[in-house]
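Overview (structure and organization)
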Amino acid sequence: MSEVLPHENQSGLSKKGASSEQSERGTNRTYLYPVLKKLLPILSWLPNYTADNLRADIPAGLTVGVMLIPQGMAYAMIAGLPVEFGLYAALVPQIIYALTGTSRQLAVGPVAMDSLLVAAGLSAIAATGSTDYISMAIVLALMMGCIQLALGILNAGFLVNFLSKPIISGFTSAAALIIASNQISNFSGIPIERNTRIQHLISEGIDAASQVNTTTVIIGLATAALILLASRVKTKIKIPTALITVVLGIAVVKLLNLDENGVEIVGAIPSGLPSFGAPNIKTSNITTLLPIAFTLALVAFMEAYSVSKSLAEKHDYKIDSNQELRAIGAANIIGSFFQSYPTTGGFSRTAVNEQAGASTPMSSIFASALIALTLLFLTPLFYHLPLAVLAAIIITAVMRLFDYTLPMQLWRSHKTEAFLLIATFATTLFIGMVEGITAGVLLSVSVLVFKQMRPHFTELGQIKGTSGVFRNTTRFPEAEVNPNLLIVRFDAPIHFANHRFFQDSIIELLNKRDSVKSIILCAESISYIDASGINALEQLIEDLEKRGIDFRLAAAIGPVRDAITQSKLISRIGVTKCFTSMKNAIEDFNNPGAISDNSNKIATQAEIE
C-alpha cells in the first residue's frame, strides 16, 4: 500500500500546489466569464430569470410564433422558395439569436425586404424554386452571416451609418411597392412572372388582365379587408389576425372545393424538422453572390439594429451594435446548416413581441418551439391554404413600410436629402434593389464630400451695442463692419479637399474691399487642420504680407493649436497674433500690443501642455 506524505493530497500535489492551482483556475474563470458573457449575453440574464419573466415570455413567444407561421410561409413565397423554407428560417435563427443577442425583444426570422432581395439576386442566376435556386438561397444565408460576423469581430457596426434615413426610406418604400406588385399574380390569378422592376410587372399585368380569376380576387380582397379592419380594433391581447385569415381561407377552399375552380393553393408541405447539412457551396457562384450577400448583410443589420435600438431606448437598457452584428451573423451561419435562407429582426414581429410583454429573449425560444411543433405535426392542415390569403397578408404587411410623410418633410426643410430619397426610390423601383441601395449610398457619400469641399464660409460683423458678439453679415445685415478689418469664419476642418476653397473665399472678399488692413480668422468652428490646410494658411499669410495685410487667428481649439505649433506655422503667424477669443483679437487690432504676453502664450500652447 502506498504511503501518502503528510503534505500531499491524493493527486500527488502538495497543499500549497493545490491551492496555487485552484487560485489559477479561479483567476482564469474571472477572466473568461466576462468574455463568455460578452459572446453569449444569455449568461447575463438567465441566472436572474424569474417566474415573472416566464409569465411574460410564454404568451409573447406564442403570439409571435402564431404570427410567424403564416408570415414565414408568405415571405418564403416572396423569396421564390417553397413555403416550408419560411418555417425553417423561423426556427434555428431565433434560438441562436436568443443565446447571443443583446436586445430583449427583437424577433428574428424571415422578413419581406430581405426575401425580395434574395429573389432579386437569385432570379437572374437560376430558375425560381429549382434545386439550384434553393441551394443558393441557403448559401446566401451562410455568406451573409459570415460577412456580418466578420464586421462584428472588427467592430464595424458603424458601417450602417452609411444608410441614412432618406436612403432607408426611399429603399423601403420602393421595396414595399415591388413586393406588393409581385403578389398581383397570387392575389388575382393573373399569370405574371416574378420581377424586381415595377414597369415590367405593370406591363405584364395589363397584358394578362383578361385572365383574372374572380374567386381568387374575392378571397384576396376579403382577407385584406379583414386584416385592415382587425388592425383598427384596439384590444389588450394581440389578435392573431393573419392566422385567423389562414384558418378561414383553408376552411372555405376545402368546403367549397375552390381549388378545383382555379384557386391556387399551397399544396403538400413536407413535415418534419429541417435536416442538418452543410450548404452546397460552388466556387463559381461565390463571386456572383458576394454583392448580394454584402447588400443583404448591411440592409438586414440596419433593419434589426434600428428596431432593437428604439425598443432599448424605450425600456431603458443598452444594446451593443457590434454584438448585434455578431449575433445576427451567427444566427444566419448556423441557420444555413438547417436549411434557413437569410433572416434578420423583423419590424412588425418585434413590435408584436414587445406589445405582448416579452421581457427577455426567452420569448424567441418559445416561438421557435411552436414553429417546431407545427413542422412536426401540423403541416398537413395547410394543404388547402389559398395563395391569395398569403398574398393579402404580404400586401397589407409591406404597405406599412411605404413612407409618404418623410419625402414631404424633407422637401420643405432639406431638399438635397429629398433628392437622395427620390433617387434611391426611383433607382430601386425601376432598375433594381441592389442598384437602388448602392446608388443611394454613393449619392450620400458624394453629397457629403461635396459639402466638405465647399463648407459654410462667412464674413462676421459685430452686433451693435455688444462688446464681443459677432454674427454672419448675410443673416444679420445690421452687424457692423469695420472697413479696415475683415473678420471671417470657416465652419469646417481645413483639409486637402477644401483648402483651395478656403483660400479663394478669403481672396474673393479681399478683392471686393480695397481698404482692408487686417484679417481675423475666427477658428472656433475648425476642428482640425491637415498638412494641406497648414500649407494653405502659410500661402495665404505670405500673400497677405505682399498686400500689406496682417493676419490674426482667434479662438482656435486644442487640436488646431497642436497642429499649428507642431508644424511651426506659429512662426509665420507670430505668437503675438494668436488669441484666445475674438474679443482679444479685436482689442489687439484697435490697440496693438494691448493684450498681455500670457494671453498670447495660452492661445498658442498645445492642448496637452
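Computed from a prediction, not measured in an experiment: that's the story for all the values here. (Residues numbered from 1 in each chain as written. Predicted model: local features only at pLDDT ≥ 70, side-chain atom pairs only at ≥ 80, totals over all residues. Heavy atoms only, no water.)

**Structural notes on the overall build of the chain**
Summing up its helical and strand segments, the chain has 26 helices and 8 strands in all. Taking 25 Å as the expected radius of gyration for a compact globule of 609 residues, we find that the chain reaches 32 Å, considerably beyond that expectation. Taking the principal axes of its C-alpha atoms as reference, the chain extends roughly 100 × 100 × 55 Å. Within the chain, the fraction of its 609 residues that count as buried is 51%. (Helix = DSSP H or I, 4+ residues; strand = E, 2+ residues; numbered from the N terminus. Rg over C-alpha atoms; globule rule 2.2 N^0.38 Å. Buried < 20%, exposed > 50% of the residue type's maximum accessible area, 1.4 Å probe, protein only.)

**Notes on a nonpolar patch on the surface**
A cluster of nonpolar side chains, Val35, Leu36, Leu39, Leu40, Ile95 and Leu99, forms an exposed patch at the surface whose accessible area comes to about 440 Å². When residues of the nonpolar patch are traced back to their parent elements, those giving at least two are helix 1 (15-39) and helix 5 (92-100). Mapped onto the elements, Leu36 comes out in helix 1. Judged by relative accessible area, which is 40%, Leu36 ranks as partly exposed. (Patch = residues over 30% accessible without salt bridge, like charges linked within 9 Å, V, L, I, M, F, W, Y side chains within 5 Å. Areas by Shrake-Rupley, 256 points an atom, 1.4 Å probe, with all protein chains shown as cover. Salt bridge = Lys/Arg side-chain N within 4 Å of Asp/Glu carboxyl O.)

**Regarding the packing of helix 21 (residues 499-512) against helix 22 (residues 531-547)**
Helix-helix packing is described using two parameters, namely the angle between the two axes and the distance between the axes. Where helix 21 contacts helix 22, the axes come no closer than 9 Å and their chain directions differ by 20 degrees. In terms of orientation, helix 21 lies roughly parallel with respect to helix 22. The interaxial crossing formed by helix 21 with helix 22 has right-handed handedness. For the pair helix 21 and helix 22, the contacting residues are His499, Phe502, Gln503, Ile506, Ile507, Leu510 and Asn511 in the first and Ser532, Gly533, Ala536, Leu537, Gln539, Leu540, Asp543, Leu544 and Arg547 in the second. Taken together, the residues of the contact of helix 21 with helix 22 sort by class into 8 nonpolar, 6 polar and 2 charged. (Axes fitted to C-alpha atoms, helices over the stretch in contact; angles between N-to-C directions. Parallel < 35°, antiparallel > 145°, perpendicular 65-115°, else oblique. Left-handed = near helix turned anticlockwise from the far one by under 90°. Contact = heavy atoms within 4.5 Å. Nonpolar A, V, L, I, M, F, W, Y, C, P; charged D, E, K, R; others polar.)

**Details of the pairing of strand 3 (residues 457-462)**
Most of strand 3 sits inside the fold, with 5 of its 6 residues counted as buried. One ladder, built from 4 bridges, connects strand 3 with strand 5 (residues 485-490); its direction is antiparallel. Across the sheet, the residue bridging to Glu459 is Val488, located in strand 5. (Pairing = 2+ DSSP bridges.)

**Quick look at the nonpolar core**
Ranked by internal contacts, the top residues of the largest apolar core, which has 108 residues, are Met73, Leu81, Leu385, Leu390 and Met433. With 14 residues, the single largest contributor to this core is helix 13 (residues 283-314). Once residues within four sequence positions are removed from consideration, Met433 is found in contact with Met113, Leu116, Leu117, Ala120, Phe171, Ala175, Ile178 and Thr428. Counting residues in each nonpolar core, the second largest holds 34 residues, with Val516, Ile526, Phe551 and Ala563 among its members. (Core = buried A, V, L, I, M, F, W, Y, C linked by side-chain atoms within 4.5 Å.)

**A word on the pairing of strand 7 (residues 550-554)**
Counted residue by residue, strand 7 has 4 buried out of 5 residues, so it is predominantly covered. The parallel pair strand 6 (residues 518-522) and strand 7 is bridged by helix 22, and the resulting crossover is right-handed. Inspection of the sheet shows strand 7 paired to strand 8 (residues 578-579) by 2 bridges, in the parallel sense. The partner of Leu553 across the bridge, within strand 8, is Cys578. (Right-handed = clockwise from strand over helix to strand, strands pointing away.)

**Points about the sheet that holds strand 5**
If you walk across this open sheet you meet the 6 strands as 4-3-5-6-7-8, and the pairing is mixed. Either end of the sheet is taken by a strand with one partner, and the two such strands are strand 4 (470-472) and strand 8. Contacts from helix 21 reach strand 3, strand 5 and strand 6, with the element oriented near 155 degrees to strand 5.

**Focus: the confidence of the model for the chain**
Of all residues in the chain, 91% attain a pLDDT of 70 or more, and the chain-wide mean is 85. Below a pLDDT of 50 lies the segment residues 1-16, which in the model reaches 9 contacts outside its immediate sequence neighbourhood of four places, other chains included. (pLDDT = per-residue confidence, 0-100.)

**Observations regarding helix 14 (residues 321-336)**
If you check helix 14, its first and last C-alpha atoms are 23 Å apart, about what 16 residues at 1.5 Å a residue would give, namely 22 Å. Where burial is concerned, most of helix 14 is hidden: 15 out of the 16 residues are buried. N-cap assignment for helix 14: the residue whose side-chain oxygen lies 3.0 Å from the backbone N of Asn322 is Asp320. (Expected span 1.5 Å × (residues − 1). Polar contact = N/O pair within 3.5 Å; in protein donor to acceptor, adjacent residues only side chain to side chain.)

**As for the environment of Ala278**
On the secondary structure map, Ala278 appears in the loop between helix 12 (241-256) and helix 13. Between the alpha carbons of Ala278 and Ile138 there is a distance of 9.5 Å; along the sequence they are 140 residues apart.

**Focus on the side chain of Ser169**
For Ser169, the location among the structural elements is in helix 8 (residues 165-182). For Ser169, a relative accessible area of 5% corresponds to the buried category. Beyond its immediate sequence surroundings of up to four residues, Ser169 is in contact with Asp403, Leu406 and Leu421.

**Quick look at the packing of aromatic side chains**
With the rule as written, the count across this model stands at 9 aromatic pairs. Ring geometry for Trp45 and Tyr49: centres 6.0 Å apart, planes at 55 degrees, overall tilted. Residue class for Trp45 comes out buried when judged on its relative accessible area of 17%. Both rings, one in Phe276 and one in Phe337, keep their centres 5.9 Å apart while their planes meet at 20 degrees; by these two values the pair is stacked. Taken together, the residues Phe276 in the loop between helix 12 and helix 13 and Phe337 in the loop between helix 14 and strand 2 (344-345) connect sequence positions 61 residues apart. Note on Phe276: relative accessible area 61%, which makes it exposed. The residue whose ring lies beneath Lys415 is Trp411, and the NZ or CZ to ring-centre distance is 5.2 Å. (Phe/Tyr/Trp six-rings, centres within 6.5 Å; stacked < 30°, edge-to-face > 60°. Lys NZ or Arg CZ within 6 Å of the ring centre and 35° of its normal.)

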